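# Fold and contact review
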Amino acid sequence: MNKITLNPERSRGVINKNIYGHFSEHLGRCIYQGLFVGKDSPIPNVNGMRKDVVDALKKIGVPVLRWPGGCFADEYHWEDGIGPQEGRKRMVNTNWGGVVEDNSFGTHEFLELCEQIGCEPYINANVGSGTVREMAEWVEYLNSEGDSTVVKKRWANGRKEPWGVKYWGVGNESWGCGGNMRPEYYADEFRRYQTYCRNYGKNKLYRIACGPTDRDYNWMEVLMERAGRFMDAITLHYYTICGDWTVKGSATEFTLHDFYKTLVRSQDMDEFITRHSAIMDKYDPEKRVGLIVDEWGAWYDVEPGTNPGFLYQQNTMRDALIAAINLNIFNRHCDRVVMANLAQTVNVLQSVVLTEGDQMVLTPTYHVFDLYKAHQDANEIDCYVQTETVGEGEWQTRQITASASEKDGVITVTMANLAADKLAAVTLEGVNAASVTGRILKGEMHQYNDFGDSPLAVEAFDGCTLKNGSIVIELPACCVAEITIK
Ligand code: AHR
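Quick summary incoming for the structure in this document. (Residues numbered from 1 in each chain as written. Predicted model: local features only at pLDDT ≥ 70, side-chain atom pairs only at ≥ 80, totals over all residues. Heavy atoms only, no water.)

The way to describe two aromatic rings as a pair is by their centre distance and the angle between their planes. One pass over the full model with this rule turns up 22 aromatic pairs. An angle of 5 degrees between the planes, with centres 6.1 Å apart, marks the rings of W78 and W138 as stacked. One end of the pair, W78, is in the loop between β6 (64-67) and β7 (91-92); the other, W138, is in helix α3 (residues 132-143), and 60 residues separate them in sequence. According to the relative accessible area criterion, W78 is buried, its value standing at 2%. On the basis of relative accessibility, which here comes to 2%, the residue W138 falls in the buried class. Judged by centre distance (5.0 Å) and plane angle (50 degrees), the ring pair of W78 and Y141 falls under tilted. (Phe/Tyr/Trp six-rings, centres within 6.5 Å; stacked < 30°, edge-to-face > 60°. Helix = DSSP H or I, 4+ residues; strand = E, 2+ residues; numbered from the N terminus. Buried < 20%, exposed > 50% of the residue type's maximum accessible area, 1.4 Å probe, protein only.)

If you walk around this closed barrel you meet the 8 strands as β3-β6-β9-β10-β11-β12-β13-β14, and the pairing is parallel. Averaged over all pairs of adjacent strands, the angle between their axes in this sheet comes to 25 degrees, without regard to strand direction. Judged from the 3 bridges that link them, strand β3 (residues 21-23) and strand β14 (residues 337-343) form a sheet pairing that is parallel. Bridging from a neighbouring strand, G21 pairs with N341 of β14. Of the strands in this sheet, β10 (167-170) and β11 (206-209) are in contact with helix α5 (residues 183-195), which crosses β11 at around 160 degrees. (Pairing = 2+ DSSP bridges. Axes fitted to C-alpha atoms, helices over the stretch in contact; angles between N-to-C directions. Contact = heavy atoms within 4.5 Å.)

Right, let's talk about the state of the cysteines for a bit. In total, this model carries 1 disulfide according to the counting rule given. In this model C30 remains outside any disulfide bridge; the closest cysteine sulfur is found in C114, 12 Å from its own. Given a relative accessible area of 0%, C30 falls into the buried group. The closest cysteine sulfur to the non-disulfide-bonded C242 is located on C478, 15 Å from its own sulfur. (Disulfide = S-S within 2.5 Å.)

See the structure below:
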């Protein structure tokens, strides 16, 4: 039996629109070629930003974009990326492929990109190889109105008004590529760095501490105990991998066993958030400090023949299900999760967009963000799911994952059928519906969109009907759907 019971009387609060955020690093072809091609490119662009990609990102309502990394953030020195482009410092991107980074995409370009997309910038500053002064002056450069030497540099570079950037990350993966720190040491570093990041004018900074990876509960405990009162939020990273970190498995060639294994592993996100939230509750019962999952998604072996340091992978219906699973989990934890950023927007890991020269492909994951966009800033509503089990061998999973919200009298339920080859008959109860409509993304588990051949797209869904006060839904195998109830 598959049954979803909604209880609009019960809610965990508003689903912060930033849960639908993205992450773009100076890695492979994410920034260069993916988002930014430069003003002189024959590829249609506005001030160097790809027009096709920006338009696609606008359509799914990207609310916030994290930059410049990732591991790259802790080797990035922002002053290398301002001023006339031809004079900017060239550096080796030691984290990602050893390629030369010419810094032609820097602070001004990132802020322009955010303006074009219509999203908030989230800047991750360098703690690993940077200084407190460097971060403090970056904040000043972006946010201050005063005529200090730092601000005058901004004016000279063509920007009079401050941007008022709110979201600031203090280091990335400081337990790993961001400096291999111990939590006790990083907690003190966070306290020191955040002290000198000032609020300018009306802009109040939102200070984000580097949190743990998946099940490192000790990192969370130490950070919350020693530095919790100085932060607005703390991060969590968790990537879904099918194999192990040496052989992660192919994005497109996988068995049924791999398929279910990946989906089961992806659902570990729920356990990690639940257990990290419990630690946060101990030190912050009022839930003042947000949890930001600022790196998540599937990570496979790179596509054959591509640079191993560029992390370029295809994106199948399996990834669409992973996106649906995670977004439903975030919605259900909206009392603590205030932002999430899929890794990474274009051409890297679980991207929403792939590019090749002047061509662009929208991945199945893109379409899931389209199906889920009505949840942004809507009121979460309790959604109890009774579901059958599907799977292969030891990898057994619930067949249905779902979450629900309400905005302006309209209820949105998003759901996925995780079965590779089994239809799901779902009954949905708990609301008085006058009308029900749906949209769906469906396909065989290996299917993907490629250049010149994009079979997967969102379609109208006629498999949901009103019957004796309930809604009856016939969900095809391997699909993600949005049901709209009025
Ligand atoms: O997203 C790729 C990398 O994964 C990021 O640079 C790093 O933060 C994480 O380990």
